[in-house]
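A look at the structure
In case you want the letters, here they are:
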Amino acid sequence: MKKKMAALSCGMLLVATALFAAPQIGEKAPDFTLTDTEGRSHSLADFRGKHVVLEWINHGCPFVKKHYDSGNMQALQKRFTDEGVVWLAINTSKSGEQGNMSPEEWKKASAEKKAAHTSVLLDPDGKVGRAYEAKVTPHMFIIDPEGTLIYNGAIDSIRSADRADVEKAENYVVKALTASKEGRPIERAVTQPYGCAVKY
Amino acid sequence: VPSFPDMRGILSKVCALIFLVSGAGVVAQEHQGRALVNADLIADTETIVPGRPFTLGLHLRMAEGWHTYWAFPGDSGFPTTLELELPEGFRATEIQWPLPRRLVEPGDIHVYAYKEEVLLMVRVFPPLEIEGNEISIRGRSDWLVCEQICLPGGTDLALTLKVGPQAEPKNQELFQRALGSLPTPLRGRAGEPVQVSWVRDGKSLQLAVEGPNDWRYEFFPLPEETTVLGHPELTAVPRGKAAVVRIPVVEGPETLRQLKGVLVAETADGERRGFIVTGR
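Quick summary incoming for the structure in this document. (Residues numbered from 1 in each chain as written. Chains lettered and ligands numbered in written order. Predicted model: local features only at pLDDT ≥ 70, side-chain atom pairs only at ≥ 80, totals over all residues. Heavy atoms only, no water.)

1. A few points about the overall build of chain B
The number of helices and strands found in chain B is 2 helices and 22 strands. Buried positions account for 46% of the 280 residues belonging to chain B. Within chain B, counting contacts between residues at least 6 apart in sequence, those at least 24 apart form 66% of the total. A total of about 14,700 Å² of accessible surface is found on chain B, and carbon and sulfur atoms cover 50% of it. (Helix = DSSP H or I, 4+ residues; strand = E, 2+ residues; numbered from the N terminus. Buried < 20%, exposed > 50% of the residue type's maximum accessible area, 1.4 Å probe, protein only. Contact = heavy atoms within 4.5 Å. Areas by Shrake-Rupley, 256 points an atom, 1.4 Å probe, with all protein chains shown as cover.)

Encoded structure:
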């Protein structure tokens, strides 16, 4: 009987885990290990003690272009990496899909765009994308120095591919990072992300 | 003289960004020499009558395999926009959106979209007196069209209509078909084909639907800006009881008890009927 109960609660636990698989705000962010465009391996756990920004990226997507052609993304990367934030751009495009590039092509694209992220990480099998339920490019996540997920959502408040909207929009990543660094609560920790579907 | 492949490369880049006018009022968004979207502003009459409402439609025709988006696009994409400049004294409704389709993309990404073609309609109310014997309407539409990849498109629109004592119906078949695919409001009165009620259950909302036993339901939400929802899911339907659509609330006010959206029923004959759910 006891065994049966244990099996049952184990089953229920599994169901519960499946239902709440999406990373939750205030809980430990899913750990991962990925290789960057230089062939170096990075784990999220390596960056304990620092804020980490995850930016889902695909340079073919018009919404990503909006933030790179306007210089917005690079300016954010520069500003926050200068302040000690780790900024990881993650590409989850499957082989053959838009945005999947060789490490050499990535290095060239990052140089051309004057990107100022810490690293570009390659996730062609989509494992990390699925763990975070990354839906679009750009989909943004922020993890605090303790490894807790503190933001999941859009880069800003105007859902468009028009770069003229960048200036008018409220930038949720800036607000969340600034609040967390100053020890204030984050007003909007979850927002509806916008962009092109991640090319799983 | 540039070689042929060079020209093609240049042209495809240019064509992804510009829109070529081809024929009367029809505008094509081209990509790599192929029309992805043809956009056209049309009316259900050639002649408008002062004081008598008529309907304008943005007719979008997508290349095979490509889609544009509904009022709420789902996990990715963005809704088609239509801004109209009407003569003074004219009023217009918001876009009336025909029923969308749910498309499921790799990675369990759900989008609410239109394939092939859609007519986004706006009802227009002219004033009782109109100067001159014709009016001109100008507008602007922007959209995102996606297949495996996404491309933004858009165009300026223009339409001239005569003013007279009698309407001259036009594009009737197209407008009738589109009207037939609009959802109808649910007023919570007896005798309506379905009755709905809401329950907030912790981290999710449940929409109970009482209607014919053999209908299948799907809910297309129109969340407020501050609300983030998971994918609506039709839970098992016990025989003779209400069907329940469960909608996870990922983020939203504690006080959220209902949602706006469109409930789509697929009847036993495979017909799709839509009902507007007005969450309060």
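2. Concerning the nonpolar core
Ranked by internal contacts, the top residues of the largest apolar core, which has 59 residues, are Phe32(A), Leu54(A), Trp56(A) and Tyr132(A). Grouped together as the second largest cluster of nonpolar side chains are 39 residues, Leu36(B), Leu60(B), Ala63(B) and Leu151(B) included. (Core = buried A, V, L, I, M, F, W, Y, C linked by side-chain atoms within 4.5 Å.)

3. Focus on the interface of chain A and chain B
With 22 residues of chain A in contact, the opposing surface of chain B contributes 25 residues. Along the contact surface separating chain A from chain B lie 1 salt bridge. The salt bridge involving Glu225(B) is made with Arg188(A); its shortest N-O contact spans 3.1 Å. Scanning the region where chain A abuts chain B turns up 4 residue pairs in polar contact (both at pLDDT 80 or more). At the level of secondary structure, the elements contributing two or more residues to the side of chain A that touches chain B comprise α2 (62–69) and β9 (196–197) of chain A. Of the residues belonging to the side of chain A that touches chain B, the class tally is 11 nonpolar, 5 polar and 6 charged. (Salt bridge = Lys/Arg side-chain N within 4 Å of Asp/Glu carboxyl O. Polar contact = N/O pair within 3.5 Å; in protein donor to acceptor, adjacent residues only side chain to side chain. Nonpolar A, V, L, I, M, F, W, Y, C, P; charged D, E, K, R; others polar.)

4. Description of helix α6 (residues 172–181) of chain A
Residue and element names in this part refer to chain A. Of all 10 residues in α6, 7 are buried; the element is thus mostly enclosed. All of the buried residues along α6 are Tyr-172, Val-173, Val-174, Ala-176, Leu-177, Ala-179 and Ser-180. Buried positions along α6 lie against β3 (52–56), α3 (72–82), β4 (86–91), β7 (140–143) and β8 (149–153). Measuring from the backbone nitrogen of Val-173 back to the side-chain oxygen at the start of α6 gives 2.9 Å, which picks out Asn-171 as the cap. Of the residues trailing α6, Gly-183 is marked for its positive phi of about 75 degrees.

5. A short note on the packing of aromatic side chains
Tallied over the full model, the rule gives 12 aromatic pairs over all chains. For the pair Phe63(A) and Tyr194(A), a centre-to-centre distance of 5.9 Å together with 70 degrees between the ring planes defines the contact as edge-to-face. Within this pair, whereas Phe63(A) is found in helix α2, its partner Tyr194(A) is found in the loop between α6 and β9, the two being separated by 131 residues in sequence. Their ring planes at 75 degrees and their centres at 5.7 Å tell us that Trp198(B) and Phe219(B) sit as a pair that is edge-to-face. (Phe/Tyr/Trp six-rings, centres within 6.5 Å; stacked < 30°, edge-to-face > 60°.)

6. Quick notes on the sheet that holds strand β22 (residues 272–277) of chain B
Residue and element names in this part refer to chain B. Taken in spatial order, the 4 strands of this open sheet run β14-β22-β21-β17, and their pairing is mixed. With partners counted over all chains shown, the strands left at the sheet margins are β14 (184–185) and β17 (216–221), one partner each. Where strand β21 (residues 261–266) and β22 come together, 6 bridges link them in antiparallel fashion. Of the residues in β22, the one forming a bridge with Gly-261 is Val-277. (Pairing = 2+ DSSP bridges.)

7. Quick look at unusual backbone geometry
A cis amide bond, omega -5 degrees, links Thr137(A) with the succeeding residue Pro138(A). Along the chain, Pro138(A) turns up in the loop between β6 (136–137) and β7. Unusually for a residue other than glycine, Gln32(B) sits at a positive phi of about 50 degrees. Mapped onto the secondary structure, Gln32(B) falls in the loop between β2 (27–31) and β3 (34–43). Residue Gln32(B) is classed as exposed on the basis of its relative accessible area of 58%. Phi is positive for Asn171(B), close to 50 degrees, though the residue is something other than glycine. Relative to the assigned elements, Asn171(B) resides in the loop between β13 (150–163) and α2 (172–180).

Everything listed here is a matter of geometry and, on its own, says nothing about what the molecule does.
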